[in-house]
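Chain by chain, the residues:
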Amino acid sequence: APSKAFQAQTIIKVLVEAGEHVQEAAISRLAALIGGEPSLQPYAVHTLFRAVKADASKPRLAQTAAWCCGEFGELLASPCPAIEDSEAMDAVSVDEVVKLLAGLLQSSLQPVTVKQYTLTALLKLYSRYAATKDAIRTALSKLQSSIVVELQQRATEYSQ
C-alpha cells in the first residue's frame, strides 16, 4: 500500500461495501494498523461510527466500529481533519455514540460477538464520561435478562 492511511481507508471501504465477505484477518490488520498509528485513529473512529450509523446490518462492520468506539471514542468529540483524499468530519456527541452502541445491543440482527464488543465499548465509555453513566447503565440492565448466558453474565458483571 502507498501509505498506512491508504491501507486503512481501503480496508474500511471494503468493510462498508462487502460486509460479511471481509476475512477476519483483514479486520485484525485494520485493528493493528489503527492501534499502532495515532494519526489514523480519529479518521477510523469517525468513519466507522458514521458507517454503522448509516447501515448497521453488517455484523463485521458493527463489530469493528464497536471496538474502535471503545478504544478511541473520545476522539469522536472533536472534529476529524481530512487525511489524504478524505473529507473532514464534524464532532459527534458522546450521547450519540452511546445511543448508537445501545441500539446495537438491542438489535436482534446483531450476533453475540457484536454484542460482546459493544458491551466492552460501553464499559470503556462509562469510565471516561460521567454524563453518560445512566444511559449506559440502562443499556446494560436490559441485557441482564438475556437468554444468552455470556451476555447476561457480562452485563451483570459490568453493572456492578
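See the structure above.
These notes cover the structure that comes with them. Quick caveat, the model's predicted, so the values are computed rather than measured. (Residues numbered from 1 in each chain as written. Predicted model: local features only at pLDDT ≥ 70, side-chain atom pairs only at ≥ 80, totals over all residues. Heavy atoms only, no water.)

Considering the overall build of the chain
The condition that has to hold: Segments assigned H or I by DSSP are reported as helices when at least four residues long, segments assigned E as strands when at least two residues long, and all are numbered from the N terminus. As a reference, a globule follows 2.2 Å times the number of residues to the power 0.38, and the radius of gyration itself is taken over C-alpha atoms. For every residue, the accessible area (1.4 Å probe, protein chains only) is compared with the maximum for its type, and the residue is labelled buried under 20%, exposed over 50%, or partly exposed between those bounds. By definition, residues are in contact when any of their heavy atoms lie within 4.5 Å. Working definition of accessibility: Shrake-Rupley area with a 1.4 Å probe, residue cover restricted to the visible protein chains. Counted as positive: Lys and Arg. Counted as negative: Asp and Glu. His and the chain ends are not counted at all. Think of each charge as sitting on NZ of Lys, CZ of Arg, CG of Asp or CD of Glu.
Of regular secondary structure, the chain possesses 8 helices and 0 strands. N-terminal to C-terminal, the α/β element order of the chain is α-α-α-α-α-α-α-α. For 160 residues, the compact-globule formula gives about 15 Å, and the C-alpha radius of gyration of the chain, at 15 Å, lands near that figure. Overall size of the chain, expressed as C-alpha extent along the three principal axes, is 50 × 35 × 25 Å. Scored against the burial criterion, the 160 residues of the chain give a buried share of 44%. Of the contacts formed within the chain by residues at least 6 apart in sequence, a portion of 68% connects residues at least 24 apart. Approximately 8,000 Å² of the chain is accessible, and the part contributed by carbon and sulfur atoms is 54%. Of note, the chain has its 15 positive side-chain charges centred 5 Å away from the centre of its 16 negative side-chain charges.

A word on the side chain of Lys-115
Applied cut-off: For this analysis, a salt bridge means a side-chain nitrogen from Lys or Arg found within 4 Å of a carboxyl oxygen belonging to Asp or Glu. Here a polar contact is recorded for every N or O atom pair within 3.5 Å, except that within protein the pair must consist of a potential hydrogen donor and a potential acceptor, and residues adjacent in sequence are included only if both atoms are side-chain atoms.
With respect to the element layout, Lys-115 can be found in helix H6 (residues 112–128). Buried and unpaired, Lys-115 has Glu-150 as its nearest opposite-charge partner, separated by 13 Å. Only 3.2 Å separates the side chain of Lys-115 from the backbone oxygen of Leu-105, close enough to count as a polar contact. In this structure, Lys-115 is in contact with Leu-104, Leu-105, Ser-107, Gln-110 and Leu-151, ignoring residues within four places of it in sequence.

A short note on the nonpolar core
Inclusion rule: For the purposes of this section, nonpolar cores are sets of buried Ala, Val, Leu, Ile, Met, Phe, Trp, Tyr and Cys residues that join through side-chain atoms within 4.5 Å.
Counting 52 residues, the largest nonpolar core has Val-97 and Leu-101 as the members making the most contacts within it. Sorting the residues of this core by element identifies helix H1 (4–18), helix H2 (24–36), helix H3 (41–54), helix H4 (59–72), helix H5 (94–106), H6, helix H7 (133–143) and helix H8 (149–159) as the ones contributing at least two each. Here Leu-101 is in contact with Ala-66, Cys-69, Thr-118, Ala-121, Leu-122 and Leu-125, once residues within four sequence places are set aside.

What about the environment of Val-97?
With respect to the helices, strands and loops of the structure, Val-97 is situated in helix H5. In this structure, the C-alpha to C-alpha distance between Val-97 and Val-16, residues 81 residues apart in sequence, is 18 Å. Not counting residues within four places of it along the chain, the set of residues in contact with Val-97 comprises Phe-49, Cys-69, Leu-76, Val-92 and Leu-125.

Observations concerning the packing of aromatic side chains
Going by this rule: Only Phe, Tyr and Trp rings take part, Trp by its six-membered ring, and two of them pair if their centres are within 6.5 Å. Stacked means planes under 30 degrees apart, edge-to-face means over 60, and tilted covers everything else. Only when the NZ of Lys or the CZ of Arg is both within 6 Å of the ring centre and within 35 degrees of the ring normal is a charge said to sit over the ring.
Within this structure, the stated rule accounts for 1 aromatic pair. Of note, Lys-133 hangs over the ring of Tyr-126, and the distance from its end group to the ring centre comes to 5.0 Å.

A few points about the packing of H1 against H3
Note the cut-off: Note on geometry: axes are lines fitted to C-alpha atoms, helical ones only across the stretch in contact, with angles between N-to-C directions running from 0 to 180 degrees. Small angles under 35 degrees read as roughly parallel and large ones over 145 as roughly antiparallel, with 65 to 115 read as roughly perpendicular and the rest as oblique. Under the scheme applied here, ten amino acids are nonpolar (Ala, Val, Leu, Ile, Met, Phe, Trp, Tyr, Cys and Pro), four are charged (Asp, Glu, Lys and Arg), and all others, including Gly, are polar.
Between H1 and H3, whose axes approach to 11 Å, the crossing angle comes to 10°. Between H1 and H3, the interaxial angle falls into the category roughly parallel. Of the residues in H3, those touching H1 at Gln-9, Ile-12, Leu-15 and Val-16 are Tyr-43, Ala-44, Thr-47, Leu-48 and Ala-51. Considering only residue class, the contact of H1 with H3 consists of 7 nonpolar, 2 polar and no charged.

Some details on unusual backbone geometry
At Glu-84, a residue that is not glycine, the phi angle is positive and equals roughly 40°. Mapped onto the elements of the fold, Glu-84 is located in the loop between H4 and H5.

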